[in-house]
Amino acid sequence: MAEVHVIGQIMGATGFSESSLFCKWGIHTGAAWKLLSGVREGQTQVDTPQVGDMAYWSHPIDLHFATKGLQGWPRLHLQVWSQDGFGRCQLEGYGFCHVPSSPGTHQLQCPTWRPLGSWREQLARVFVGGGPQLLHGDTIYSGADRYRLHTAAGGTVHLELGLLLRHFDRYGVEC
Amino acid sequence: MNPKEEKVKIIAEEFTENEEDAAVGRRKKKVQRQQRKKQPPTAGPEEMVSENPHLGPQQEPGQEEPKTHLLSTTARRGPRSLPPIPSASRTGFAEFSMRERMREKLQAARSKAESALLQEIPTPRPRRLRSPSERESETEFGTEPGKEVRRTQQEDDSQNYSKVKFHDSARKIKSKPQVPPGFPSPEEAYNFFTFNFDPEPEEERSEEEKAGAKTRGGADQEAVSPGQQDEEELLDGREAEDLLLGLEHMADDFVAIRPAEYESVHRWLQKEKEMLFVPSRLTVPTYKKLPENVQPRFLEDEGLYIGARPEVARTTGNIMENRLLVQEPERGWFGDDGRILALPSPIKPFPSRPPVLPPGQSTAAELETLYKKAVKYVHRSQHMIGSGDPSGNFQVDIDISGLIFTHHPCFSREHVLAAKLAQLYDQYLARHQRNKAKFLTDKLHALRNAVQTGLNPEKPQQSLETTQKTIKEYKAEIWQTRRLRDAEQEKDRTLLKTIIKVWKEMKSLREFQRFTNTPLKLVLRKEKVDQKADEEAFEAEIQAEISELLEEHREEYEQKMEEYRAAHQQWKAWKRAQRARKKKKKHAAEEPPDEETEEAPPEEDPGKPVPPEPTDRAVLEQQVRERAAQSRRRPGEPTLVPELSLAGSVTPNDQCPRVEVLRREDVRRRSVYLKVLFNNKEVSRTVSRQLGADFRVHFGQIFNLQIFNWPESLTLQVYETVGHSSATLLAEVFLPIPETTVVTGRAPIEEVEFSSNQHVTLDHEGVGSGVPFSFEADGSNQLILMTSGKVSHSVAWAIGENGIPLIPPLSQQNIGFRSALKRADAISSIGTSGLADMKKLAKWATESKLDPNDPNNAPLMQLISVATSGESYVPDFFRLEQLQQEFNFVSDEELNRSKRFRLLQLRNQEVPEFRNYKQIPVYDREIMEKVFQDYEKRLRDRNVIETKDHIDTHRATVAKYLQQVRESVINRFLIAKHHFLLTDLVVEEEVPNISSEGSGILGLSLFKLAEQKRPLRPRRKGRKKVTAQSLSDGDVKLLVNIIRAYDIPVRTPTPSKFQQPSRTSRTFVEKHAASPSTHSPTHSADYPLGQVLVRPFVEVSFQRTICHTTTAEGPNPSWNEELELPFRAPNGDYSTASLQSVKDDVFINIFDEVLYDVLEDDRERGRGIHTRIERHWLGCVKIPFSTIYFQSRIDGTFKIDIPPVLLGYSKERSMMIERGFDSVRSLSEGSYITLFITMEPQLVPGESVREKELVARYVSLIPFLPDTVSFAGICDLWSTSDQFLDLLAGDEEEHAVLLCNYFLSLGKKAWLVMGSAIPEGATAYVLTWEQNHYLIWNPCSGHFYGQFDTFCPLKSVGCLIGPDNVWFNIQQYDSPLRINFDVTKPKLWKSFFSRSLPYPGLSSVQPEELIYQCTDKAAAAELQDRIEKILKEKIMDWRPRHLTRWNRYCTSTLRHFLPLLERSQGEDVEDDHRAELLKQLGDYRFSGFPLHMAYSEVKPLIEAVYSTGVHNIDVPNVEFALAVYIHPYPKNVLSVWIYVASLIRSR
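Residues numbered from 1 in each chain as written. Chains lettered and ligands numbered in written order. Predicted model: local features only at pLDDT ≥ 70, side-chain atom pairs only at ≥ 80, totals over all residues. Heavy atoms only, no water.

- Under an unreviewed UniProt entry, the name given to chain A is B9 domain-containing protein 2, and the organism recorded is Oryctolagus cuniculus.
- Looking at the Function (unreviewed entry) heading of the UniProt record, one finds this comment for chain A: "Component of the tectonic-like complex, a complex localized at the transition zone of primary cilia and acting as a barrier that prevents diffusion of transmembrane proteins between the cilia and plasma membranes." (UniProt positions renumbered as here; feature names shortened; annotations may be inferred.)

## Comments concerning the side chain of Asp666(B)
Residue and element names in this part refer to chain B.
Piece 1. Its place among the elements puts Asp666 in helix α19 (residues 658–669).
Piece 2. Its relative accessible area of 6% is what places Asp666 among the buried residues.
Piece 3. Excluding its chain neighbours within four sequence positions, the residues that come into contact with Asp666 are Cys410, Val722, Leu762 and His764. (Helix = DSSP H or I, 4+ residues; strand = E, 2+ residues; numbered from the N terminus. Buried < 20%, exposed > 50% of the residue type's maximum accessible area, 1.4 Å probe, protein only. Contact = heavy atoms within 4.5 Å.)

## Details of the sheet that holds strand β23 (residues 1171–1184) of chain B
Residue and element names in this part refer to chain B.
Piece 1. Strand order in this open sheet of four strands is β20-β19-β22-β23, and the pairing throughout is antiparallel. Looking at which strands have only one partner, the edges of the open sheet turn out to be β20 (1105–1108) and β23. Within this sheet the neighbouring strands show an average axis-to-axis angle of 25 degrees, counted without direction.
Piece 2. Bridging between strand β19 (residues 1096–1102) and β20 involves four bridges; their strand directions are antiparallel. Bridged to Val1100 within β20 is Cys1107. (Pairing = 2+ DSSP bridges. Axes fitted to C-alpha atoms, helices over the stretch in contact; angles between N-to-C directions.)

## Some words on the sheet that holds strand β12 (residues 750–755) of chain B
Residue and element names in this part refer to chain B.
Piece 1. Ordered in space as β9-β3-β15-β12, the four strands form an open sheet in which the pairing is antiparallel. Each edge of the sheet is formed by a strand with only one pairing partner; in this case those strands are β9 (696–707) and β12. Neighbour-to-neighbour, the strand axes of this sheet turn through a mean angle of 25 degrees, independent of strand direction.
Piece 2. Strand direction decides the pairing type here: strand β3 (residues 394–407) and β9, joined by 10 bridges, are antiparallel. Within β9, the residue paired with Leu403 across the bridge is Val697.

## Description of a nonpolar patch on the surface
Residue and element names in this part refer to chain A.
Piece 1. Among the surface-exposed residues, Trp119, Leu123, Val126, Phe127 and Val128 lie close enough to one another that they form a single nonpolar patch of about 600 Å² accessible area.
Piece 2. Mapped onto the secondary structure, Phe127 falls in helix α1 (residues 119–128).
Piece 3. According to the relative accessible area criterion, Phe127 is exposed, its value standing at 67%. (Patch = residues over 30% accessible without salt bridge, like charges linked within 9 Å, V, L, I, M, F, W, Y side chains within 5 Å. Areas by Shrake-Rupley, 256 points an atom, 1.4 Å probe, with all protein chains shown as cover. Salt bridge = Lys/Arg side-chain N within 4 Å of Asp/Glu carboxyl O.)

## Side note on helix α26 (residues 899–908) of chain B
Piece 1. Of the positions making up α26(B), those classed as buried are Arg900(B), Phe901(B), Leu903(B), Leu904(B), Gln905(B) and Leu906(B).
Piece 2. Looking at the buried side of α26(B), the elements it contacts are β1 (2–14), β3 (33–37), β5 (55–67) and β10 (151–166) of chain A together with α25 (892–897) and α27 (933–940) of chain B.
Piece 3. Glu910(B) sits one or two residues past α26(B) and shows a positive phi near 55 degrees.

## Focus on the packing of aromatic side chains
Piece 1. Under the counting rule described, the total for this entry stands at 21 aromatic pairs over all chains.
Piece 2. Relative to Phe65(A), the ring of Trp33(A) lies with its centre 5.8 Å away and its plane at 85 degrees, an arrangement referred to as edge-to-face. With Trp33(A) in strand β3 and Phe65(A) in strand β5, the pair connects residues that are 32 residues apart, well separated along the chain. With respect to burial, Trp33(A) and Phe65(A) carry one shared label: buried.
Piece 3. Three or more aromatic residues link up through ring pairs in this structure, and these residues are Trp33(A), Phe65(A), Trp73(A), Phe168(A), Tyr171(A) and Phe889(B).
Piece 4. It is Arg1378(B) that lies over the ring of Tyr1373(B); its NZ or CZ is 3.8 Å from the centre. (Phe/Tyr/Trp six-rings, centres within 6.5 Å; stacked < 30°, edge-to-face > 60°. Lys NZ or Arg CZ within 6 Å of the ring centre and 35° of its normal.)

## Topic: the pattern of salt bridges
All names here are of chain B.
Piece 1. By the definition in use, this model includes 29 salt bridges over all chains.
Piece 2. Residue Asp492 pairs with Arg431 through a salt bridge whose shortest N-O separation is 2.8 Å. In this pair, Asp492 sits in helix α15 (residues 464–513) while Arg431 sits in helix α13 (residues 413–434), placing the two residues 61 residues apart along the sequence.
Piece 3. Across the salt bridge formed by Asp486 and Arg485, the nearest N and O atoms sit 3.2 Å from each other. The same class applies to Asp486 and to Arg485, which are both buried.
Piece 4. Residues joined in a network through salt bridges with shared partners are Arg448, Arg485, Asp486, Glu541 and Glu545.

## Topic: α13(B)
Residue and element names in this part refer to chain B.
Piece 1. Here α13 spans 32 Å end to end across 22 residues, near enough to the 32 Å set by a 1.5 Å rise per residue.
Piece 2. Residues of α13 that are buried: Glu414, His415, Val416, Leu417, Ala418, Leu421, Leu424, Tyr425, Tyr428 and Arg431.
Piece 3. In the stretch just after α13, Asn435 is the one whose phi turns positive, near 50 degrees. (Expected span 1.5 Å × (residues − 1).)

## Structural notes on the side chain of Thr787(B)
Piece 1. Residue placement: Thr787(B) occurs in the loop between β14 (783–784) and β15 (788–797).
Piece 2. With near-sequence residues (within four places) excluded, Thr787(B) lies in contact with Phe405(B), His407(B), His408(B), Pro409(B), Phe754(B), Ser755(B), Ser756(B), Gln758(B) and Ser769(B).

## Some details on the environment of Val157(A)
All names here are of chain A.
Piece 1. Inspection of the secondary structure assignment puts Val157 in strand β10.
Piece 2. Separated by 102 residues in the primary sequence, Val157 and Ala55 have C-alpha atoms spaced 9.3 Å apart.
Piece 3. In contact with Val157, not counting residues within four places along its chain, are Ile10, Gly12, Ala13, Phe16, Trp57, Leu78, Val80, Leu108, Gln109, Cys110 and Thr112.

## Re the confidence of the model for chain B
Residues and elements named next belong to chain B.
Piece 1. Looking at chain B as a whole, its pLDDT mean stands at 68, while 59% of the residues score no less than 70.
Piece 2. Summarising per-element confidence for chain B, the mean pLDDT is lowest in helix α36 (residues 1252–1261) (33) and highest in helix α10 (residues 265–275) (87).
Piece 3. Long-range and interchain partners of residues 37–92, a stretch whose pLDDT sits below 50, account for 102 contacts in this model, where long-range means more than four residues apart.
Piece 4. Within the model, pLDDT remains below 50 along residues 378–391, and this stretch shows 25 contacts once partners closer than five positions in the same chain are excluded.
Piece 5. With pTM at 0.37, the complex prediction returns an ipTM value of 0.88. (pLDDT = per-residue confidence, 0-100.)

Encoded structure:
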């Protein structure tokens, strides 16, 4: 019966090698969570920064959850994509972060990574674009053995999430 | 003094004692130290002062010190309770090892020295005696720690220096001449005599001091750095080495040189032989390794699983075995098979540790990456993140290699036979390959042998019983096998016979017709057999069979005899009993009869059993032989082997009769192609191939189908084309969807048979299909063959670039769990996720005899054991979060019970009731239960049909259905609504462009600056379009510009005079005739000139807001007024979807304002004007809001909907002719109004094209037809006429299609016109061709217009649709006035089906015929009464402040009149009606009119009545009349007439 309001925005991203970036995002929750209102997933616009290297999206996130348990606390998973001069999109990084569990405004920085692929693929990525992508997107946030995956670090996605919690104290959860 | 410390001391002393017996070198050091003691140190004065007092006691411990170091560390911890310092203990250890080394060296030196008989060792006694004093000094030291710290600091300074000195001294020692033996020690002696006071001993002393401190556990110990100490130790060691060197020098003299000892190799070898055991490399015979009299046992041969043994070289193994045999003769090392016991090789063929892979070769399924090309962004897959969408495409490869007809209409008789022959031959080959008869014969032999051996028991140990039993079983088996074999043999033989028969038939046919059609040729090869052997074998077989049969019969006989005997016995007993009973009966004759009844009823007569007959051998033999002759080859008869070849030659065409030539030509004209249907949609088709003379078609095409979902069906359609005509569908072939294991390259070519049920009769040699024909001349023995054939194909899943089969997951839900399941699920771990049937799998596993011990099969075995042990165990669920339940705050029910959450969710889902719900309360208790009432009621009532509102049940059903469909469509579009285009989000002003002609700001605006200002000729300014999102109530206005009207009916003069009825309408032919002069205008001469004929004004009502213009005068008024009406979106929701569903209409009503002088007293006339204004409704124009919304503006002249009867008004015409407008005006009939309607601000209408794709799909799922309003802008759905009629709702298209169909069925030339009209916008009209001109029909209103009618609402024509083609208007103009409708002219009309794309003979989606049901008249009458009642109630409601009186008389009059109107379609009745009304209601002033509508619901009727404004009359003595008439048409189509009138009694 506890409620969690996640209100915030995906501010933008820094540190990516490409400049025209956009972000696909989604929120994954456990079975105990119930989305009361809001959209679970979305996509930002493409931002091409003119000044500085931070791509600003300021993409709003407004979700209202009801939960009957703490398990499966919502986590945000992100995919940063870049769009090249031909309007083609390629993956720049995967990332995920938990929605903070304390109320208030939080500045989050979500580092990202992307699969590296074989040298051939790396070469192809440099010259013709595209790139290796995960076949199963849930790897981003699931606890699978990822040690076999060779990845390269991407940039960081900056998030600003405000949290409103309600009735958690009723169930003995302090926050 | 601590007891512990003391103990340590004692140990230390013992140490020294032992050591010092031999340690010569050390003694020298001791001496050194002793001497040092005597010498005063030469260091700084300070040191002298501080150290001197301690010198005495310090010397002694110095001697012991080297050995106590290690132990002292432990001692130190005791009394002072200082923390142990690791560095100190380390040094201790280092010291210790150093000492050890030294000790060893000393030992060596000593041995040498001893051998040389060195002098006696001096006793260590004196030192020992001194030790008590040393202890005393310790206590002293303990009292003054501060002093010591200071001293050690000074020592640090002096140490560097002392080290150097020490080295020097050591060198000096070395260089000294060796002291001869016999003396105490060279060093000691040297020291004794030549010691001088160097600074070096000071260092030594300081070290001693420190060591002493350590043993005592002094506080200064921390000050001593470990490095320092190490160094000192090192120095110590070095010192010792120096000493040893000195010793060596001395030992040289005692060494005697001897020759090296040598042992000869032989002796050595011999010795070795005695000592060593060399196991042989030869293989050990097995018997040695096993206990005696035990045969080796090979478990593997017995079928047990033995793992692979570890690899050992043969020789190594042999050596080991030999060794074990000798060394451990117990033989526990050897297994049953005589090999060394060994566990299965633990070495796995693959590394268990994940190899360090080169990047990109990661193999874990869930970590797989896929290189994706950078792709253009597709909107469809917008939200793909994490939602488990099936990624990537999947591919099915369909390889169609060819087609063979087993029957075809063009088959000649010979072909039929050939096909039969080929089929039989195939059968023969198949049977031959299996050779079941041979197999069964062999089995029979084997069984007989077994019986033979079983009968001659050689093994006495087996019990007789079991033998008997097995023999019995064998015999049963023999019998069974024999029967089977006989059947098989007979089949073989008949097959052969049939083949030969067919071949003979074929030969005779070829001879008869004198030409050959097929290259088939049957050759019978005879295989000679050895007659004698064959005969013998045959005979033996027969004999064996006879004997077996005899035996069987005998057994049977015996059994029967047994039975017979038993039966006989029984019978005899019964007989006896019967006899006895008879006697008894006689006795009992006198007894009461009731006793008789008690008696058991007499047993039935079992009948006398017949003894069985013994079998006769001769008869049996006869039978057997007969059967053999029938089913088996006669002995000595050669074996016949048929061989079918295509070696024959086909007669060339010129030698064939005409019919045959015709047939062959026909075959050549035919071609075949296949369509590939995936999920019932055509995806591709093969090339069209000509049919070969052998009726085979080779395609050899592979189709790669890229798919997204699991295929539902794969179908091939066989099409045949003859010449250039259209293709006909021969048959459908359903291909099985391949198993997930079938991938390209592995799929075998399979043949699937098909057959068609078409009936074809041909006029040549072809036998046709589905028609009887016969081979006989007399036509007997008729055959009916259907077209049939086989398609050879293979279907397989394609393999992706990385070797992964491109198979979609079995079910879409599974995909998320797949990776996780893999660990838990045995099936998926063996890689066959497609296996669904556990039982089958288990069956397969048992059949294929999998080794259950093999660990490779372990998962499978586990699975099978699970599957077979009980169905219930197989988990059919998957729990993601195991402990969820335990950690839950609340239960699900409680969560679902929360009203607040429910409300929030419903609002989020945009459920209509809650879509714009604002401010949901924070607490559950604040939410009223009734909030949900409506919603729940709606959910409940979804299937309950409410008849209250609709009255008519059929319409209620339809309305409900429509409502449901509307809901489901809206729900679907809610999703689509969240997809935005760029234009939805970004308002982008067009960038000024120089080159563009119209909007070029830079180009034209420059000229504009120079242009003259013309304020009287304002230019149109483009308005900004507003996306309907940031709007709220009051922002949007509807602007209605009423410009002018034409031909408004005028008041007729006082009704006292009856005038010549003026024909307001003309006959049908007149109306559309081009010449306008046919009608004769009537002139009402009674009108005084200048009198106002009519004072019309316009009232616009929209959403119950009413605005009206000023009153103009005359029948052709001009208002030129702009009316502004506010627009309110439903629920304040200005989103596109919401606006699209606005159902409101704009009513434009034209009224006549009538002024009545109500002054009753003439005297007051001068003082004031007292008039009453009455308004009389003249007509209306109704424009739906959706049209305005989509058209963004409506501009044009509309026909005013004027009731057919308008009492008190008539059309006035004379003026027009006089004014000369007639050429244009008089073409029309009725009244018109010119309007301009628009919205302010302009709203961007929803894009309707975008959803077409979605809708097309949706429509294909649910066949259904909405009216425009419910789907306006979203899509346009067309329904077939029968659906349209069933639903009784539809938009222009449906009306137009139905109308056009009716016209066509009437034999008229009719087309569907797609174009735009006013006020509907894009619409469909119907065009018909009458004698010499075209007529345009408005299907919704039923009005029609000539092509050149100016007031035709159709404004542009886009395309024409005829029954067989579609034409697009490519003329310069699109106005129907200016275009030519002659579709045969290709320059004017571009046809869709042309020579390049011929009409493919599409079938119609419309039903063959429409079925009409009669409408229930009683129901219609009932409906009529109800509507009347409702309307009356409504009118009374609308007049809340006045009394509403109903004039019954008038009502009944009107009611009688309404059917007349229906009959005459509202024409030609006005005058009669008026006359009649006047007659009846002479003393009333009467104003009223009939309304005519198609019936759908009650609400529009109410609206229509309301909009007439009849109720607005508030004259006190007004009376009303209202009559309703419903005329039922078939199919529940109802025509509603409402006559509303107000009556005012005239004085």
